Amino acid sequence: MTMKYLLPGLLSACIISSLAHADVQLIAMGEINAAYQDLSVKTSGALENGVAGNILGGLGSGLAYAGGNTFLALPDRGPNAVSYNADIDDTTSYIPRIQTLNLALAANPDYDASVTGSMPYILSPFLLRTTLLFSGKPLAYGTNGTPSLNTANYFYFSGRADNFNAANSSTFPLNARLDPEAIRVANDGKSVFITDEYGPYVYQFNRVTGKRIKTFKLPAHFAVAKPTAQEDTEIAGNTSGRTTNKGMEGLAITPDGSMLVGMMQANLLQDTKKYLRIVTIDIATGATKEYGYLLTDGSGVSEIVAINNHEFFSR
């Protein structure tokens, strides 16, 4: 089994030689400069914090294998490390997107096993495509939060924390704010499933156009009743639902392509901190089931991967 891991600005390739013993060998490393701009030139203008709207940034939120050397990566809700507006947690109108990457491995002719740091393969990553995520129906934006790219048929999602309808719970399906965390490719290869921390949500998007084609309804107790644009205020104002910025973090798809398995990063506010919730979603019907996951180490989970239709890796 071969797995590749993607970190902000750094790509590494590993081989898991035995599932039973989980022996991991680092075989290659490659880099993409996080300061580069992606292929969405029309979003290159400066965001509210002065950062370019198409900065490549970190690609570590989600990574999915799409066949051959092709992988799909998510860059989270956009750059918010520059302080400019604490009321919205310094988030911006960055449009969430899918970055399609080619991660090709080639034998390293200079490999020397006796030399520390020498690796048997060379990893040469490059960006193939940038796909912006949007809805064909109008979305709820906050003051000054509407992306300038919007048209009558394209309503783009946004990383801004205030892009929601305050009259509804956090899972209102027409909220514009999106903080993508995990991505999986449908078995037909034509669409992708993406989880979001703001709702939490699980969405299905057309892989080529970026248009949302389906929203899966999660159990009502995953939502917070009083969403706000500021993390500490939102946590203090709710007693149930997902913990702010620790919503639906991981996502698996079963090998037969029939079921999604979403995993929360942290406990729901009404749960003990030792337990995380796993929710399964029947892709065809939308039917959900829930399971409790007892944490024995660490403070949360960032990803889940299907081994088969009923066993999973998480980390």
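Everything that follows concerns the structure shown earlier in this document.
Reading the values: rules and limits
- Residues numbered from 1 in each chain as written.
- Predicted model: local features only at pLDDT ≥ 70, side-chain atom pairs only at ≥ 80, totals over all residues.
- Heavy atoms only, no water.
- Salt bridge = Lys/Arg side-chain N within 4 Å of Asp/Glu carboxyl O.
- Buried < 20%, exposed > 50% of the residue type's maximum accessible area, 1.4 Å probe, protein only.
- Helix = DSSP H or I, 4+ residues; strand = E, 2+ residues; numbered from the N terminus.
- Contact = heavy atoms within 4.5 Å.
- Core = buried A, V, L, I, M, F, W, Y, C linked by side-chain atoms within 4.5 Å.
- Pairing = 2+ DSSP bridges.
- Polar contact = N/O pair within 3.5 Å; in protein donor to acceptor, adjacent residues only side chain to side chain.
- 1 Å grid on protein atoms, 1.4 Å probe; cavity = no way out; pocket = protein on both sides within 12 Å on 5 of 7 lines; lining within 4 Å.
- Points joined across faces, edges and corners; volume = space filled by probe spheres on them.
- Nonpolar A, V, L, I, M, F, W, Y, C, P; charged D, E, K, R; others polar.
- Phe/Tyr/Trp six-rings, centres within 6.5 Å; stacked < 30°, edge-to-face > 60°.
- Lys NZ or Arg CZ within 6 Å of the ring centre and 35° of its normal.
- Axes fitted to C-alpha atoms, helices over the stretch in contact; angles between N-to-C directions.

K.L.:
Before we move on, can you summarise the pattern of salt bridges with the specific residues and values?
P.N.:
Here the structure, examined in full by the defined rule, presents eight salt bridges. Linking arginine 160 and aspartate 162 is a salt bridge whose minimum nitrogen-to-oxygen distance equals 2.6 Å. For aspartate 162, a relative accessible area of 14% puts it in the buried group. Taking the shortest distance from any N to any O, the salt bridge between arginine 242 and glutamate 234 comes out at 2.8 Å. Judged by its relative accessible area of 1%, arginine 242 is buried.

K.L.:
Any chance you could break down the side chain of threonine 92 for me, citing the residues and the numbers?
P.N.:
Note that threonine 92 resides in the loop between strand 5 (70–74) and strand 6 (97–107). Excluding residues that lie within four positions of it along the chain, threonine 92 makes contacts with Leu47, Glu48, Asn49, Pro79, Tyr84, Ser158, Gly159 and Arg160.

K.L.:
Any details on the nonpolar core? Residues and values, ideally.
P.N.:
Within the largest apolar cluster, 18 residues are counted, with the highest numbers of intra-cluster contacts made by Ile98, Leu133, Phe157, Ile183, Val192, Ile194 and Phe205. It is strand 12 (residues 201–206) that provides the largest number of residues to this core, a total of three residues. Residues within four places of isoleucine 183 in sequence aside, it is in contact with Gly62, Leu63, Ala64, Leu72, Leu74, Ile98, Val192, Phe193 and Ile194. Ala182, Phe222, Met248 and Leu268 belong to the second largest nonpolar core, which has 16 residues in total.

K.L.:
For the pairing of strand 4 (residues 62–65), give the residues involved together with the corresponding values.
P.N.:
Across four bridges, strand 4 lies against strand 5 in antiparallel orientation. Looking at the pairing, alanine 64 lines up with leucine 72 of strand 5. What sits between strand 4 and strand 5 in their antiparallel hairpin is a turn of four residues, with glycine 67 showing a positive phi close to 100 degrees.

K.L.:
Tell me about the side chain of arginine 160, residues and numbers included.
P.N.:
Residue position: arginine 160 is located in the loop between strand 9 (155–156) and strand 10 (180–185). Polar contacts involving the side chain of arginine 160 include one to the side chain of glutamate 48, which spans 3.0 Å. Excluding residues that lie within four positions of it along the chain, arginine 160 makes contacts with Glu48, Tyr84, Ile88, Thr91, Thr92, Ser93, Thr143, Asn144, Gly145, Arg177 and Tyr198.

K.L.:
Could you give an account of the layout of surface pockets, naming the residues involved and the relevant values?
P.N.:
In this structure, the second largest pocket encloses a volume near 230 Å³. Around the second largest pocket, the lining is made up of 15 residues, and of these Ala46, Leu47, Ser93, Pro147 and Ser148 lie nearest the centre. Of the residues contributing to the lining of the second largest pocket, the split by class is six nonpolar, six polar and three charged.

K.L.:
Could you give an account of the environment of aspartate 232, with specific residues and numbers?
P.N.:
Structurally, aspartate 232 is set in helix 1 (residues 231–236). Distance from aspartate 232 to proline 219, taken between C-alpha atoms, is 24 Å for residues 13 residues apart in sequence.

K.L.:
I'd like to hear about the packing of aromatic side chains, residue by residue, with values.
P.N.:
Counted under the stated rule, the structure contains nine aromatic pairs. Here the aromatic rings of phenylalanine 157 and tyrosine 203 are separated by 5.7 Å at their centres, their planes lie at 35 degrees, and the arrangement is tilted. Here tyrosine 203 lies in strand 12 and phenylalanine 157 lies in the loop between strand 9 and strand 10, a separation of 46 residues in the sequence. For the residue pair phenylalanine 157 and tyrosine 203, the accessibility class agrees, reading buried in each case. Measuring from centroid to centroid gives 4.9 Å for tyrosine 201 and tyrosine 203, while their planes differ by 15 degrees, and the two rings are stacked. The buried category is assigned to tyrosine 201, whose relative accessible area is 2%. Taken together, the ring pairs connect Phe157, Tyr201, Tyr203 and Phe205 into an aromatic cluster. Geometry around tyrosine 203 places arginine 212 over its ring, the cationic atom sitting 4.8 Å from the centre.

K.L.:
Outline the sheet that holds strand 14 (residues 248–253), supporting the account with residue identities and numerical values.
P.N.:
Reading across from one edge, 14-15-16-17 is the order of the four strands in this open sheet, with antiparallel pairing throughout. Each edge of the open sheet is held by one strand with a lone partner, namely strand 14 and strand 17 (288–294). Taken over all neighbouring pairs, the strand axes of this sheet differ in orientation by 25 degrees on average, direction set aside. Judged from the five bridges that link them, strand 14 and strand 15 (residues 259–264) form a sheet pairing that is antiparallel. Looking at the pairing, leucine 251 lines up with glycine 262 of strand 15.

K.L.:
Which residues make up the sheet that holds strand 10, and what values do they have?
P.N.:
Hydrogen bonds along the backbone pair up the strands of a sheet, which may run parallel or antiparallel. Here we have four strands laid out as an open sheet, ordered 10-11-12-13, and antiparallel in their pairing. Among the strands making up the open sheet, the edge pair consists of strand 10 and strand 13 (212–216). Neighbour-to-neighbour, the strand axes of this sheet turn through a mean angle of 25 degrees, independent of strand direction. Note: strand 10 against strand 11 (residues 191–196), five bridges, orientation antiparallel.

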